[in-house]
Amino acid sequence: MSLEATVVGSGSWGSGFARLLANRGHRVQVLTLTTVEAAQLTATHENPHFLPGVALPPEIRFVAIGDADVSTAELVVYAVPTQSVREVSRWAAPRRAAGSLQLSLAKGYELRTLKRPTQIIEEETGSPAAALSGPNHAEEVSKDMPSATVIAAADEAMAVALQAAITSDTFRVYTNDDVVGVEFCGAVKNPIAVAVGMSDGLGFGDNSRASLITRSVAEMTRLGMIQGAHIATFTGLAGIGDLIATCTSRHSRNRLAGELLAKGASPAEVQRQVGQVVEGIPTAYALHDLAGRLGIEMPVTENVYQVLEGLRTPQECVADLMGRAPKKERHEE
Ligand SMILES: NC(=O)c1ccc[n+]([C@@H]2O[C@H](COP(=O)([O-])OP(=O)(O)OC[C@H]3O[C@@H](n4cnc5c(N)ncnc54)[C@H](O)[C@@H]3O)[C@@H](O)[C@H]2O)c1
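Being a predicted model, the structure only gives us computed values, none of them experimental.

Calculation notes
- Residues numbered from 1 in each chain as written.
- Predicted model: local features only at pLDDT ≥ 70, side-chain atom pairs only at ≥ 80, totals over all residues.
- Heavy atoms only, no water.
- Domains from an automatic or database assignment.
- Buried area = accessible area lost by both parts, 1.4 Å probe.
- Salt bridge = Lys/Arg side-chain N within 4 Å of Asp/Glu carboxyl O.
- Helix = DSSP H or I, 4+ residues; strand = E, 2+ residues; numbered from the N terminus.
- Buried < 20%, exposed > 50% of the residue type's maximum accessible area, 1.4 Å probe, protein only.
- Axes fitted to C-alpha atoms, helices over the stretch in contact; angles between N-to-C directions.
- Left-handed = near helix turned anticlockwise from the far one by under 90°.
- Contact = heavy atoms within 4.5 Å.
- Nonpolar A, V, L, I, M, F, W, Y, C, P; charged D, E, K, R; others polar.
- Polar contact = N/O pair within 3.5 Å; in protein donor to acceptor, adjacent residues only side chain to side chain.

Regarding the domain arrangement of the chain
In many reports, interface size means the accessible area that the parts give up when they come together.
At step 1: Each assigned domain of the chain is listed with its residue range as follows: domain 1 (4-177) and domain 2 (180-322).
At step 2: Taking the mean C-alpha position of each, domain 1 and domain 2 sit 25 Å from one another.
At step 3: A per-residue breakdown of the area domain 1 buries against domain 2 is headed by Lys-107, Tyr-109 and Leu-114, which together make up 28% of the total.
At step 4: At the surface where domain 1 touches domain 2, the tally comes to 2 salt bridges.
At step 5: Residue Glu-183 pairs with Arg-116 through a salt bridge whose shortest N-O separation is 2.6 Å.
At step 6: Put simply, the parts of the chain that give the side of domain 1 that touches domain 2 at least two residues each are helix H3 (82-92), helix H4 (117-125), strand S6 (130-133), helix H5 (138-141), strand S7 (147-152) and strand S8 (171-176).
At step 7: At 4 residues, the largest contribution of residues to the side of domain 1 that touches domain 2 is made by S7.

Dropping the structure here:
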């Protein structure tokens, strides 16, 4: 079945996901932030800043969000940074068809409200939204390298419809009804990757990386379970799957951000050098608030927050993590 699809956001994942949809036979328009960007993408069908070296199918239409019509879209995909999800879903609310499917690709928590992307979309549009999350670097998906993902929705029929629309020979979609857990894992892995990048940047090796990742799973599970996440989600694609990809990949901008922080760059310099959204930065702030409100210890992500706030150096974080009180590995807190 071919759908009329609109992808809001023309960054790495918006472009890569639009390509995936177009190659599955859907009719795709991508909404850009500016008319200049829409004109450039229309002329070249390449996105040299966000997704260099990838030819985007000629059938994809690029339209500036200010000029766009989404009234006939059967599927609206939100492919913008988490902090922009409210703005674009508020924009889409009065313009989209009431029954259209909605899918979020964003990974993070909204600062101040501490809401997840699908919660924001549902609040703004008054309609349900599903979340897609997993080890899916746009750079690799866009080269048709095989990967798997999860679509989470409370409504199973919606998840199955999206699974059928998106699954391809190289992109395998699983459904999951644990929306809280899938979105939580997708958000938390980013500041963890910043921590791993700091470890790499300090010149540490595989033991340090593996220890950090594994202990991060412990704190991730602690906070996630309190939020209502299902334990199985942590060992799934959106959990450990995405954590491995993000913490070890050369494509991960969050890991790169950590490396730059370890070499002394300020958060603003990091953001400038990376040149694309680094979700781990706002998410570290959101987790600091969330864990603080709930009284949950999150040593790894809290140390990332401390570095971002200039309260601790990466070296001091190592001392803090290694100097914590001795514990049982399976410590029930
Ligand atoms: N890049 C990946 O491989 C990947 C994979 C999985 C999930 N994600 C998640 O997807 C989300 C988007 O990531 P990305 O990598 O595409 O980011 P990006 O920085 O490459 O691009 C973000 C895009 O959003 C656009 N944008 C921002 N605010 C907008 C607004 N108000 N209206 C219209 N467009 C707006 C920007 O112009 C830009 O084109 C993030 O939450 C990220 O964590 C990314």
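On we go.
Structural notes on the pattern of salt bridges
At step 1: Summed over the entire model, instances satisfying the criterion amount to 20 salt bridges.
At step 2: Its salt-bridge partner being Arg-27, residue Glu-74 comes within 4.0 Å of it at the nearest N-O pair. In this pair, Glu-74 sits in the loop between strand S3 (61-64) and strand S4 (75-78) while Arg-27 sits in strand S2 (residues 27-32), placing the two residues 47 residues apart along the sequence.
At step 3: Close ionic contact of Asp-242 with Lys-189 constitutes a salt bridge, the shortest N to O distance being 3.6 Å. On the criterion of sequence distance, the pair formed by Asp-242 in helix H10 (residues 237-248) and Lys-189 in helix H7 (residues 179-201) is long-range, its members being 53 residues apart. Each member of the pair, Asp-242 as well as Lys-189, carries the same accessibility label: buried.

Overview of the packing of helix H13 (residues 280-294) against helix H14 (residues 299-308)
At step 1: Closest axis-to-axis distance for the H13/H14 pair is 9 Å, and the angle between their directions is 115°. Here H13 and H14 pass one another in a crossing that is left-handed. Residue-level contacts link Ile-281, Ala-284, Tyr-285, Leu-287 and His-288 of H13 to Thr-301, Glu-302, Val-304, Tyr-305 and Leu-308 of H14.
At step 2: Here the contact of H13 with H14 is composed, by residue class, of 7 nonpolar, 2 polar and 1 charged.

Side note on the side chain of His-137
At step 1: Counting through the fold element by element, His-137 comes out in the loop between S6 and H5.
At step 2: Taking relative accessible area as the criterion, His-137 reaches 16% and is therefore assigned buried.
At step 3: Non-local contacts of His-137, meaning those with residues more than four positions away in its chain, are made with Ala-245, Thr-246, Ser-249, His-251 and Ser-252.

Quick notes on unusual backbone geometry
At step 1: Although it is not a glycine, Arg-112 adopts a positive phi angle of roughly 75°.
At step 2: Mapped onto the fold, Arg-112 is located in the loop between strand S5 (101-104) and H4.
At step 3: Exposure remark for Arg-112: the relative accessible area of 67% places this residue in the exposed category.
At step 4: Although it is not a glycine, Asp-144 adopts a positive phi angle of roughly 60°.
At step 5: Tracing the backbone shows Asp-144 in the loop between H5 and S7.
At step 6: Relative accessible area serves as the criterion here: at 35%, Asp-144 is assigned to the partly exposed category.

Focus: helix H11 (residues 253-262)
At step 1: With respect to burial, H11 is a largely interior element, 8 of its 10 residues being buried.
At step 2: Along H11, the residues classified as buried are Asn-254, Arg-255, Ala-257, Gly-258, Glu-259, Leu-260, Leu-261 and Ala-262.
At step 3: Buried residues in H11 make contact with H7, H10, helix H12 (267-274), H13, H14 and helix H15 (314-322).
At step 4: The opening residue of H11, the one whose side-chain oxygen lies 3.4 Å from the backbone nitrogen of Asn-254, is Ser-252.
At step 5: At the C-terminal side of H11, Gly-264 shows a positive phi close to 100°.

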